[in-house]
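If you want the building blocks of each chain, they are given just below.
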Amino acid sequence: MNDTTHRTLSITVALLGGIWLLSLWSSWAWSEEAPKQQEHAALVEQITREVIRELKESGQLKEEVDQGIQEYFDQQRQARAEAREQRAKLAQERAKLVRPPTPGRDHFYGNPDAPISLIEYSDFECPFCKRFHATARQLVDQSNGQINWVYRHCPLGSHNPGAQKQAEASECAFELGGDSAFWRFTDAIYLRTKSGGQGFALEGLTPLAEEIGLNKVRFQECLDSGRHAHRVLEDFNEVAKIGITGTPGNILRHNASGEVIQVSGAKPLGELKQHVQVLVGQTQLLSQQGAAAPNSPEARKQE
């Protein structure tokens, strides 16, 4: 405590003590000498003004207020940071529940046996998914076969019926032409849609299928039947279970260990690569710990 603060507090304590004594005396004097009550009240008021003036002039009042405000904001920031950390931990645990990539069920781009998968839950009418589509392809193309891309459906209600029917149409493309047709159709929609729910006219789906080499009659029959609606819904229902709250919802998965990192949103390529490096590092560490376990002191004791 500096001299100015000490002096201010001393004066404040003395003045407040004086106010308290005068208040007590005034209460007693009211019954004894009522005519002097106004004079005493005025003296109390004067002393109060002096206390406030002294506090203001010393800057102590402002310092205390500023300090209190700063402490409040610091506490709020810490509480928000702790809440974010807790949410991230919970999200990470839920992300581990993601269904492993399944050949014949999922759509793979890249090496299907790659050690790492980028599993994306996406919406054809989501503008962020449109932006992310090329980024995901770049990640796989630059990975030398170490990463594949698994595309799953998450048509948001606010973008339907467009997003739902486009997802069903992509499954019709897969039915007629396999993964090659699925990816050609998917690439074409993302390239042309304006997003937002009505970015690609539904009557343009069959002409687009014909454009990429599919039989338009068979494609239209498939789309009209709605037989892939349940397939799309299966993907969509997985989202809540694994903690994804928006699109594109991405999970990087190390397929051998099952370790995952959830990556929400249309992250740039550099950030995706950093997450991949972190995932590889975590997996190597766990592998080293597992290899060291048989030679640990605990293991030797059991022997």
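Residues numbered from 1 in each chain as written. Predicted model: local features only at pLDDT ≥ 70, side-chain atom pairs only at ≥ 80, totals over all residues. Heavy atoms only, no water.

Here's the deal with the packing of aromatic side chains
Two numbers describe a pair of aromatic rings. These are the distance of the centres and the angle of the planes. Note the threshold: Here a pair means two rings of Phe, Tyr or Trp (six-membered ring of Trp) with centres within 6.5 Å. Their orientation is stacked below 30 degrees between planes, edge-to-face above 60, and tilted elsewhere. The way it works is that DSSP assigns letters per residue, a run of H or I at least four long becomes a helix, a run of E at least two long becomes a strand, and they are numbered from the N terminus. Only protein chains enter the area calculation, which uses a 1.4 Å probe; residues under 20% of their type maximum are buried, those over 50% are exposed, and those in between are partly exposed. Two conditions define a charge located above a ring, namely a distance within 6 Å from the ring centre to NZ of Lys or CZ of Arg, and an angle within 35 degrees of the ring normal.
Counted by the stated rule, this structure contains 10 aromatic pairs. Both rings, one in Y151 and one in W183, keep their centres 6.1 Å apart while their planes meet at 85°; by these two values the pair is edge-to-face. Of this pair, Y151 sits in strand 3 (residues 147-153) while W183 sits in helix 5 (residues 162-192), and the two are 32 residues apart along the sequence. When sorted by exposure, Y151 lands in the same class as W183, which is buried. Chaining the aromatic ring pairs together yields one cluster made of Y109, F124, W149, Y151, F182, W183 and Y190. Between the NZ or CZ atom of R137 and the centre of the ring of Y109, over which it lies, the distance is 4.4 Å.

Focus: the state of the cysteines
Applied cut-off: Cysteine sulfur pairs qualify as disulfides if the two atoms are within 2.5 Å.
Counted according to the given criterion, the structure contains one disulfide. Each sulfur of the disulfide joining C172 and C222 lies 2.1 Å from the other. Across the disulfide from C172 to C222, rotation about the S-S bond amounts to roughly -85°, and the bridge is consequently left-handed. Separated by 50 residues along the polypeptide, C172 in helix 5 and C222 in helix 7 (residues 216-225) bring together distant segments of the chain. Judged by its relative accessible area of 1%, C172 is buried. Accessibility expressed as a relative area gives 1% for C222, which makes it buried. Not part of a disulfide, C126 finds its nearest cysteine sulfur in C129, a span of 3.0 Å.

Here we look at the side chain of E168
Filter applied, for reference: Distance and chemistry together define a polar contact, namely a pair of N or O atoms within 3.5 Å, with one atom able to donate a hydrogen and the other to accept it when in protein, and with adjacent residues in sequence counting only for side-chain atoms on both sides. Two residues form a contact once any of their heavy atoms are found within 4.5 Å.
Looking at where E168 falls in the secondary structure, it is placed in helix 5. Owing to a relative accessible area of 6%, E168 belongs among the buried residues under this scheme. There is a polar contact of 3.1 Å between the side chain of E168 and the side chain of K165. With residues up to four places along the chain from it excluded, the contact list for E168 reads L223, G226, H228, A229 and V232.

Considerations on the sheet that holds strand 5 (residues 260-264)
In sheet architecture, strand pairing relies on hydrogen bonds along the backbone and comes in two forms, parallel and antiparallel. What counts is decided by this rule: Whether two strands pair depends on DSSP finding at least two bridges between them. Here an axis means a line fitted to C-alpha atoms, over the contact stretch when the element is a helix, while the angle between two N-to-C directions is reported on a 0 to 180 degree scale.
Ordered by their spatial adjacency, five strands build an open sheet running 1-3-2-4-5, and the pairing between neighbours is mixed. With one partner strand each, in any of the chains shown, strand 1 (107-109) and strand 5 form the two edges of the open sheet. Neighbouring strand axes in the sheet, compared pairwise and without regard to direction, differ in orientation by 25° on average. Bridge count for strand 2 (residues 116-122) against strand 3 is seven bridges, and the pairing is parallel. By the bridge assignment, I119 is partnered in strand 3 with V150. Most of the contacts of helix 4 (residues 127-141) go to strand 3, to which it runs at about 155°, and overall it touches strand 1, strand 2, strand 3 and strand 4 (249-254). Against the sheet, helix 5 touches strand 1, strand 2 and strand 3, its axis set at about 100° to strand 3.

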